[in-house]
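# Analysis of the macromolecular model
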Amino acid sequence: MSYLRFEKAVMTNLEESLRRELLRTNRSGAYSCSTLADCNTRKYHGLLVVPVPEIDDDNHVLLSSLDVTVIQHGAEFNLGLHKYQGNNFSPNGHKYIREFDCDKVPTTLYRVGGVLLKKEVVFQHYEDRILIRYTLVDAHSATTLRFRPFLAFRSVRQFTHENSTASREYYPIDNGIKTCMYAGYPDLYMQFSKKNEFVFHPDWYRGVEYPKEQERGYASNEDLYVPGYFEMPIKKGESIVFSASTSSIRTGGLKKLFDEEVEERSPRDNFFHCLVNAAHQFHKHEKNDDRYLLSGYPWFKSRARDTFVSLPGLTLAIDEQDYFELVMKTAEKGLREFMEEKNLTVKIYEIEQPDVPLWAVWAIQQYAKHVGNARCIEMYGKLLQDIVKYIIDGRHPNLRLDDNGLLYTNGRDKAVTWMNSTANGRPVVPRTGYIVEFNALWYNAIKFCAALAQETGDTDFASDLERRAELCKESFVKTFLNEYGYLLDYVDGYMMDWSVRPNMIFAVAFDYSPLNQEQKKGVLDVCTRELLTPKGLRSLSPKSGGYNPMYVGPQTQRDYAYHQGTAWPWLGGFYMEACLKLYKRTRLRFIERQMVGYEDEMNYHALGTISELFDGNPPFHGRGGMSFAMNVAEILRTLKLLEKYTYQK
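As a starting point, this report considers the structure included with it. It should be emphasised that the depicted structure is a prediction, and the values quoted were computed from it without experimental measurement.

Right, let's get into the sheet that holds strand S28 (residues 490-492). The pairing of strands in a sheet happens through backbone hydrogen bonds and is either parallel or antiparallel. Taken together, the three strands give an open sheet; going across it, the order is S27-S28-S29, and neighbouring strands pair in antiparallel fashion. Here the strands that pair on one side only, and so sit at the sheet edges, are strand S27 (434-435) and strand S29 (495-496). Here S27 pairs with S28 via two bridges, running antiparallel. Paired with Tyr434 across the two strands is Val491, which belongs to S28.

Structure follows, in structure tokens:
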């Protein structure tokens, strides 16, 4: 039995099948996404969603969906499913689904009377092309398939509605047509591996509704344009491949191309392989050969902090050192351009955030542990030295090294940490001054760089960093450690945040910590008692004021809950690393039980990946983006750590 497999009872129950989403990507920024029953429930859903840089930075839904109708003896059975206003579902094609599995590629089996039709879907790597193979497994009489494409040609952040501007023009091409609804968009090429008849029958399907947008307090309906339909006979045992793309293709090679793409896929037959597949979905390969990690799906771009936090887990933890180096090459270019006050030529957002260079050092530190210090010094020794000197010299516009050895940041008016939600133009959590994880990162960075400098014989630089580390250590404990055994979240003069938050866990998890063993244990105990959930660490303790664990409702309501009690798996990764460092093998079983909570997610929200965040209270429902890079990365890194401690003698 496949690891990700669902029987008819689940697939025909819309409460179950519509809450489960499926994501496919091409590793170049485009994606295909819908629910298991192929009913779009978000404005971000679509069969072919691609970047259109000539228009803007967003992705755009070209082909929303493709309905297939089985015709026998003049009777039509439409296998499509759409939700319309008034809670109406039509044409209810989900009732024909017999089973679904997602081993190598997503596969749906439909039964209509004596007809058994199999549908398999792949997204061609590095091309804006979705491929669907339909195989008539069984049929007792002549069968015809009719395909009706639903077009949107809009940004993922907008909706389309019936209008007179949309072009109805289409042009016949090899076994299909090309069309483009609006100027500025690329042509959409829809082709089949078999000769077919296209019947031009333009119409708008009005009032298509997206319930996920309703839940989020947004507008939620649109009209979709259908230019007509394709029709062709199919024999028992025959396969037909459909291609939708921004470029034409020789249709005689579609079947071979589909087979080749399937062969490249690794099976999602266990927890680890699902996460590896998810890790690869964050890859983005630009035409100029720049490599990026997207922060998540469906609305995230490549963000600097997310890149450095997730880079070790998404690459080194699965033994893909080469991709670490490729992404770091692009990221280093961006870092240097920022530090030298040049215009950015890379597409990495939020590189100006003050903790970004600190997380870059942490990421390189993980690389050093993977490949050895000698290789690390060869690849990134100069970059590490330049980052540390950049900070010491006070050249970052919002990062000041004070005489007490601590880093000071102004975050009163603009969010500067990963807790970046804003409401009415102001940070919901205005973390400012001496921020606990910034200074844990700084201490770790200068100790690590001092060790490398010692290896290269740069004893003066090493001595200077060691001196700074001692001063930072003394001030860190004096500033952040309180009489209750946990760390203050931030301190700014006489203002200090006593809220119990997860940011203190980094001071326990990092290789170099300003805390002694007893202090580390105290911090870990508080995190365990007040923040730990089966889905990671809460962003705020239930005992602290303002606890708001449910990420639901309109945008403003969600903004106020975003970092006020919701649970984050990536923080759980650092928590588990801290556990293993403090208690070694005695905590292995405990960590393994924690991982069960993540494995449950493989077949619940977005198949085979981890949601952006979770409610902080039971049943810990997944919320936000359907797939989040830092979460997947830290779970993979934890699995690698578990392996290390399990086989450690």
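Moving on, there is more to tell.
Let's shift gears to the packing of aromatic side chains. Tallying each qualifying case throughout the model produces 41 aromatic pairs. Ring geometry for Phe476 versus Phe480: centroids 4.8 Å apart, planes at 50 degrees, classification tilted. Within this pair, Phe476 and its partner Phe480 are both found in helix H11 (residues 459-480), separated by four residues, close to a single helical turn. Accessibility assignment for this pair places Phe476 and Phe480 in one class, buried. Between Lys389 and the ring centre of Phe461, over which it is positioned, the NZ or CZ distance is 5.4 Å. The cationic tip of Arg587 hangs over the ring face of Phe590; the distance from NZ or CZ to the ring centre is 5.8 Å.

Taken as a whole and assessed by the stated rule, the structure comprises four cavities of 30 Å³ or more. Estimates place the volume of the largest cavity at around 320 Å³. In terms of lining, the largest cavity is formed by 29 residues, of which the most central are Arg24, Asp38, Leu47, Leu66 and Lys119. Those elements that provide at least two residues to the lining of the largest cavity are strand S2 (21-25), strand S3 (31-35), strand S4 (46-51), strand S5 (59-72), strand S10 (106-112), strand S11 (115-123) and strand S12 (129-138). Residue contributions to the lining of the largest cavity peak at five residues, all from S5. Of the residues assigned to the lining of the largest cavity, the class counts are 15 nonpolar, 10 polar and four charged. Within this model, the second largest cavity holds a volume of roughly 50 Å³. For the lining of the second largest cavity, the elements supplying multiple residues, two or more each, are S5 and strand S7 (82-84). Counted by class, the lining of the second largest cavity contains five nonpolar, four polar and two charged residues.

Here the largest pocket defines a volume of roughly 880 Å³. Taken together, 35 residues form the lining of the largest pocket, with Ser28, Pro51, Pro53, Lys284 and Glu286 sitting closest to its centre. Looking at the lining of the largest pocket, the elements with two or more residues in it are S4 and strand S20 (283-285). Residues of the lining of the largest pocket, tallied by class, amount to 14 nonpolar, nine polar and 12 charged. Here the second largest pocket defines a volume of roughly 730 Å³. Around the second largest pocket, the lining is made up of 31 residues, and of these Trp299, Phe300, Arg303, Asn420 and Tyr562 lie nearest the centre. The set of elements that each furnish at least two residues to the lining of the second largest pocket consists of helix H6 (304-315) and helix H14 (555-561). In terms of residues, the lining of the second largest pocket owes the most to one element, H14, which gives three residues. Looking at side-chain class alone, the lining of the second largest pocket contains 12 nonpolar, six polar and 13 charged residues.

So, on to a nonpolar patch on the surface. Side chains of Tyr484, Met496 and Trp498 sit close together on the surface and give an oily, nonpolar patch of about 320 Å² of accessible area. If you trace the backbone, Met496 turns up in strand S29.

Moving on, we come to the side chain of His396. Mapped onto the fold, His396 is located in the loop between helix H9 (373-392) and strand S23 (400-401). Residue class for His396 comes out buried when judged on its relative accessible area of 4%. At a separation of 2.9 Å, a polar atom in the side chain of His396 contacts the main-chain amide nitrogen of Asn398. Other than its neighbours up to four places away in sequence, His396 contacts Phe338, Glu352, Gln353, Pro354 and Tyr390.

What follows concerns the pattern of salt bridges. Going through the model one piece at a time under the given rule, you end up with 50 salt bridges. Residue Arg5 pairs with Glu7 through a salt bridge whose shortest N-O separation is 2.4 Å. Its relative accessible area of 39% is what places Glu7 among the partly exposed residues. Residue Lys640 is joined to Asp319 by a salt bridge in which the shortest nitrogen-to-oxygen separation is 3.3 Å. Taken as a pair, Lys640 in helix H17 (residues 629-646) and Asp319 in the loop between H6 and helix H7 (321-339) lie far apart in primary sequence, 321 residues in all.

Attention now goes to unusual backbone geometry. With omega at 5 degrees, the peptide bond leading from Ser90 into Pro91 counts as cis. Among the structural elements, Pro91 can be located in the loop between strand S8 (88-90) and strand S9 (97-102). Cis geometry is adopted by the peptide bond preceding Pro619, which originates at Pro618 and carries an omega value of 5 degrees. Inspection of the secondary structure assignment puts Pro619 in the loop between strand S33 (613-614) and strand S34 (622-623). Positive phi outside glycine occurs at Tyr126, with the angle close to 65 degrees. The exposure class assigned to Tyr126 is partly exposed, which follows from its relative accessible area of 42%. Unusually for a residue other than glycine, Lys584 sits at a positive phi of about 55 degrees.

Cut-offs and rules
Residues numbered from 1 in each chain as written. Predicted model: local features only at pLDDT ≥ 70, side-chain atom pairs only at ≥ 80, totals over all residues. Heavy atoms only, no water. Pairing = 2+ DSSP bridges. Helix = DSSP H or I, 4+ residues; strand = E, 2+ residues; numbered from the N terminus. Phe/Tyr/Trp six-rings, centres within 6.5 Å; stacked < 30°, edge-to-face > 60°. Buried < 20%, exposed > 50% of the residue type's maximum accessible area, 1.4 Å probe, protein only. Lys NZ or Arg CZ within 6 Å of the ring centre and 35° of its normal. 1 Å grid on protein atoms, 1.4 Å probe; cavity = no way out; pocket = protein on both sides within 12 Å on 5 of 7 lines; lining within 4 Å. Points joined across faces, edges and corners; volume = space filled by probe spheres on them. Nonpolar A, V, L, I, M, F, W, Y, C, P; charged D, E, K, R; others polar. Patch = residues over 30% accessible without salt bridge, like charges linked within 9 Å, V, L, I, M, F, W, Y side chains within 5 Å. Areas by Shrake-Rupley, 256 points an atom, 1.4 Å probe, with all protein chains shown as cover. Salt bridge = Lys/Arg side-chain N within 4 Å of Asp/Glu carboxyl O. Polar contact = N/O pair within 3.5 Å; in protein donor to acceptor, adjacent residues only side chain to side chain. Contact = heavy atoms within 4.5 Å.

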